[in-house]
Structure formats: C-alpha cells, structure tokens
Amino acid sequence: MTFIELFDKNPPENICACLVSTPDRVILIGDNIKTLCTHKKRYEDFFLKRGKEIEFIPKAVNKNSLVKIVDLLCEIVETYDDCVFDLTGGDELMLVAVGIVFHQYRDMNIQMHRFNLRTNKIYDCDNDGTVIDIENIPELTVEEYISLFGGKVSYENDSKIGTHLWDFTDAFRDDIDAMWEICRHNPREWNTQIAVFKAAQGLRVHDDNPYKTIAPIDKLTSLLMSTGYNYIYNSRIINSLIYYGLITFDNSDKDTLSITYKNEQVRECLTKEGLILELEVTLAAMEAKDKHGDYVYTDVLNGVHIDWDGEIHESDDIYDIENEVDVIMTHNMVPVFVSCKNGKVEIDELYKLDTVATKFGGKYARKVLVATALGKESTFSLHLSQRAKDMGIRIVDNLQDMNPTELQKCIRSLWSNH
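Now for a look at the structure at hand. Quantities reported herein were computed from a predicted structural model and do not represent experimental measurements. (Residues numbered from 1 in each chain as written. Predicted model: local features only at pLDDT ≥ 70, side-chain atom pairs only at ≥ 80, totals over all residues. Heavy atoms only, no water.)

Details of empty space enclosed by the protein
One simple way to see leftover space: roll a probe sized like a water molecule over the atoms.
Alright, step 1. By the definition in use, this model includes one cavity of 30 Å³ or more.
Alright, step 2. Roughly 30 Å³ of internal volume is contained in the largest cavity.
Alright, step 3. Lining of the largest cavity is provided by Cys16, Phe115, Asn116, Leu117, Asn120, Lys121, Pro138 and Met333.
Alright, step 4. Looking at the lining of the largest cavity, its residues break down into five nonpolar, two polar and one charged. (1 Å grid on protein atoms, 1.4 Å probe; cavity = no way out; pocket = protein on both sides within 12 Å on 5 of 7 lines; lining within 4 Å. Points joined across faces, edges and corners; volume = space filled by probe spheres on them. Nonpolar A, V, L, I, M, F, W, Y, C, P; charged D, E, K, R; others polar.)

With respect to the environment of aspartate 86
Alright, step 1. With respect to the secondary-structure elements, aspartate 86 resides in strand β4 (residues 83–86).
Alright, step 2. Exposure remark for aspartate 86: the relative accessible area of 1% places this residue in the buried category.
Alright, step 3. Residues aspartate 86 and tryptophan 180 lie 94 residues apart in sequence; the distance between their C-alpha atoms is 46 Å.
Alright, step 4. The residues touching aspartate 86, leaving out its near neighbours within four places in the chain, are Ile4, Glu5, Leu6, Glu13, Cys16, Ala17, His113, Arg114 and Phe115. (Helix = DSSP H or I, 4+ residues; strand = E, 2+ residues; numbered from the N terminus. Buried < 20%, exposed > 50% of the residue type's maximum accessible area, 1.4 Å probe, protein only. Contact = heavy atoms within 4.5 Å.)

Overview of the sheet that holds strand β10 (residues 256–261)
Alright, step 1. If you walk across this open sheet you meet the three strands as β8-β10-β9, and the pairing is antiparallel. Edge positions in the sheet fall to β8 (212–216) and β9 (247–250), since each has one partner strand and no second. Taking each pair of neighbouring strands and ignoring which way they run, the sheet shows an average axis angle of 15 degrees.
Alright, step 2. In this sheet, β10 lies alongside β9 in antiparallel orientation, the contact comprising four bridges. The partner of aspartate 250 across the bridge, within β10, is serine 258.
Alright, step 3. Contacts between helix α7 (residues 187–202) and the sheet are confined to β8, β9 and β10, with β10 contributing the most and set at about 100 degrees to the helix.
Alright, step 4. Taken strand by strand, helix α8 (residues 217–226) contacts β8 and β10, and its axis lies near 85 degrees from that of β8. (Pairing = 2+ DSSP bridges. Axes fitted to C-alpha atoms, helices over the stretch in contact; angles between N-to-C directions.)

What about the packing of helix α1 (residues 11–20) against helix α2 (residues 33–49)?
Alright, step 1. Contact pair α1 / α2: the axes reach a minimum separation of 12 Å and the direction vectors enclose 40 degrees. On the basis of the axis angle, α1 is oblique to α2. Read as a crossing pair, α1 and α2 show a hand that is right-handed. For the pair α1 and α2, the contacting residues are Pro11, Asn14, Ile15, Cys18 and Leu19 in the first and His39, Tyr43, Phe46 and Phe47 in the second.
Alright, step 2. Grouping the amino acids of the contact of α1 with α2 by side-chain chemistry returns seven nonpolar, two polar and no charged. (Parallel < 35°, antiparallel > 145°, perpendicular 65-115°, else oblique. Left-handed = near helix turned anticlockwise from the far one by under 90°.)

Considering the sheet that holds strand β13 (residues 334–341)
Alright, step 1. Spatial strand order, β7-β11-β12-β13-β14-β15: six strands in an open sheet with mixed pairing. Looking at the sheet topology across the chains shown, the edges are occupied by β7 (152–154) and β15 (393–396). Averaged over neighbouring strand pairs, the angle between their axes works out to 40 degrees when direction is ignored.
Alright, step 2. Summarising the sheet, β13 and strand β14 (residues 366–371) pair through six bridges and their orientation is parallel. By the bridge assignment, cysteine 340 is partnered in β14 with valine 370.

Structural notes on the packing of aromatic side chains
Alright, step 1. Tallied over the full model, the rule gives 10 aromatic pairs.
Alright, step 2. Measuring from ring centre to ring centre gives 4.9 Å for phenylalanine 46 and phenylalanine 47, while their planes differ by 80 degrees; the resulting arrangement is edge-to-face.
Alright, step 3. On the numbers, 6.4 Å between centres and 80 degrees between planes, the contact of phenylalanine 197 with tyrosine 261 is edge-to-face. Of this pair, phenylalanine 197 sits in helix α7 while tyrosine 261 sits in strand β10, and the two are 64 residues apart along the sequence. The pair phenylalanine 197 / tyrosine 261 is uniform in exposure class, with both members buried.
Alright, step 4. A network of ring pairs unites the aromatic residues Tyr43, Phe46, Phe47 and Phe56 as a single cluster.
Alright, step 5. Positioned over the ring face of tyrosine 295 is lysine 289, at 4.9 Å from the centre of the ring.
Alright, step 6. The ring of phenylalanine 360 is capped by lysine 359, whose NZ or CZ atom sits 5.8 Å from the centre of that ring. (Phe/Tyr/Trp six-rings, centres within 6.5 Å; stacked < 30°, edge-to-face > 60°. Lys NZ or Arg CZ within 6 Å of the ring centre and 35° of its normal.)

A closer look at the pattern of salt bridges
Alright, step 1. Per the counting criterion, the structure on display carries 15 salt bridges.
Alright, step 2. The salt bridge partner of lysine 41 is aspartate 45, with a shortest N-O separation of 2.8 Å. A residue pair is termed a helical-turn pair when its members lie 3 or 4 positions apart in one helix, as lysine 41 and aspartate 45 do in helix α2 at four residues.
Alright, step 3. Note that lysine 198 and glutamate 273 form a salt bridge whose closest N and O atoms lie 3.7 Å from each other. (Salt bridge = Lys/Arg side-chain N within 4 Å of Asp/Glu carboxyl O.)

Written as structure tokens, this is what we have:
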C-alpha cells in the first residue's frame, strides 16, 4: 500500500495515517526538498523505534503550479496501483490537484480519507464506503510528540539537569495526596516553610542517614534572609507532615534544625516550593478516567526538559536551548502543556508557555496555567486573564479549593475545549 501525504508543517498530520495502518511506503509531497528530507529521516526513525520499517519518499514540486502538482500526482498514481491519499494536511492547491487526479483516474481504486486528530475519527472522502484498515488508535507519547517537532526530552542521566523519573508506587501516590492536602489550605505558607527545608538541605551537615538533614539555625537564618525569606517553624505544616509519617523532627537542640524525611522522593517534594502542585496535577492526569473507565491520557510526564535541536551535549562549551515544562500529557494525538505556579505568577510565564507549546505541540497543543495564588479581583490578575485568553491559554486558578472529585473532573477536561 502507498500512502500519499501532502506535507504539512504540523508533523502529526503527516504520520497519522501510518499510525492507524502500516503502509509499504509514503510519498511525502511538498515544495522544499531540504525540509522534506529532514522530515523523511525523522519519520523513518520514529517508526523504527516502534518496530516498523516504513519508507518515506520525498517529492518536491512548485506549490503554486497546479499543472505541475497534477503531473506529479498522475506520475505517482501510474507508478503505484494501490494509492491512498491522506487529505488531513496540505495546502489548498494541493487538495485541488488531488480532486482533479481522482476524477481523471476514477476507474482506478484510489482511496481518499481525512482524519480528525482531536476526535480520532476518519472520514471517507471518496464516499465509496471503504477506508484503510484500522489497526491501531493513533496516539503519541510525550517523547514522541516532542521528537516529531525536532526536539528531544532529556533525562537526568543524559545531562546535568534533565527530566526526573519518579517511582509512582501506591505509597508515593498516597504521600503526594497527603502533601497536597497540607499545602492546599495555604499555598503561600507552604512555600515559605518549604523554602526553609530547601535552604537547610543546602547547609546540611554530614550524617550517615541520607534522609536526615541537620543545619545550624544561625547560618540558615542568614541564608534565608539573603533570598528574601525568613526562618519559620510553621506548626500546622510540620505537625501535619509528622502526622502523615512524612518527616520526623528533632527539637532537642535549639541551635540546629534536625529533620528526617521518609525517603528520597518525599525529601525532593519537601525541598522544592512548587513541586507538590506539579506532582498533584501529574498524579491526577495519570489517574483520570473517562465515563467508560478508560484512562484519559495516553502519557504523562512532569518536569519535562526539552532540548530544542534534539542533540544532547555534555560539554559546557556547546550552548543548548532548553525549556522545562512542568507537566505535559497526551490524549491520543492531542498534547497538553501545563505550567504550574504555586506562588507569584509573572506575565512572562504566559509567553514562555505559549512559545514552547507552539514549538513542540503545533496547532493541536492545549495550553494551561495552573495557579494557586493569582487572585481574582486585582488589576494584574484581570490583565493576566485577558492576555491568557488572547493567547489561547486556559487558566485554572482554584485547584486548591477543589475536592478530589472536582480536581479529577478538571484535569481530565484539560485536553478538550471545555
């Protein structure tokens, strides 16, 4: 079988048919041979990683010449007797040319179809009652989506700073929910207390227990003041953490802070201010199910480090453009880029989110800002909300007020227009 793809700048549209049914080859038609060859290699590598060997054949043609486009399509139809035109992408003139060729070769078994990537529906454009065999539901992982746009997800073992892979055991999921329950009652207080734990970790005196942190309070106070924080002991937060078995606290020496964390993952959560919000959104996305009981999201990653050119360089002499996105999930072929802010939100955050989502998600990307301290009536929040609306960014500003059922409902809707 030969698929004919009218090249589109949104890569998912160029491969969606191949995700549904595996052809022998794909003729990739566009107007720039260099761009076509770049995508040829990208797509062939993509499918090889899935265990499928599909040949992509680039064909360049003047996109403004209907005659030349028709001639090329006629040549392809006469060369291969099993042609299937995918009309999901492509310029208008290309689509016109396909119509002309279909009419000219109407006695041949030429198939035409079109995909709706948001609903996963396939449409029979030639109305003969036949579409390609549906072998799989088209879906992409976060890594795959980024790779199709020329980027690469970097991990901690690839570079000095990269995406951390958590071990989401049942126990850790319970710990995340417990920490979020403590945090959501007052996110500002949470950030202030976590800043103390974070600073203490940086001043940690050596101890045989890797999960135990001992730090002198005088040095801790000075360090905190230099970063705009004060040393505090929030009894509500600390007593709650002790109650849930997340930490133990030693008050025997008034000159030192001594805290022991349950394990490494809990320590990471309690030494980075906004991480628990990020992980609660991640966990909710991982567990979200639709009315049929099926998982809503194909894949979920948090703290996603994206290398823009797809090349991970270990040398500091080579400058890499990287972005970190708090949470990215995919619903079949729809990516959702989420920025989580558990404290102050700057207007630049909207531009950062829009830039990376557009670059690596294309026109199907959903953009979401989750903020717990935005405030509804201030001039700034109203300006931020209007700017977000103009940029197609959805704002969720009351996650901390939601019960578990409401939170699940909110998170499972992020991929849609609702």
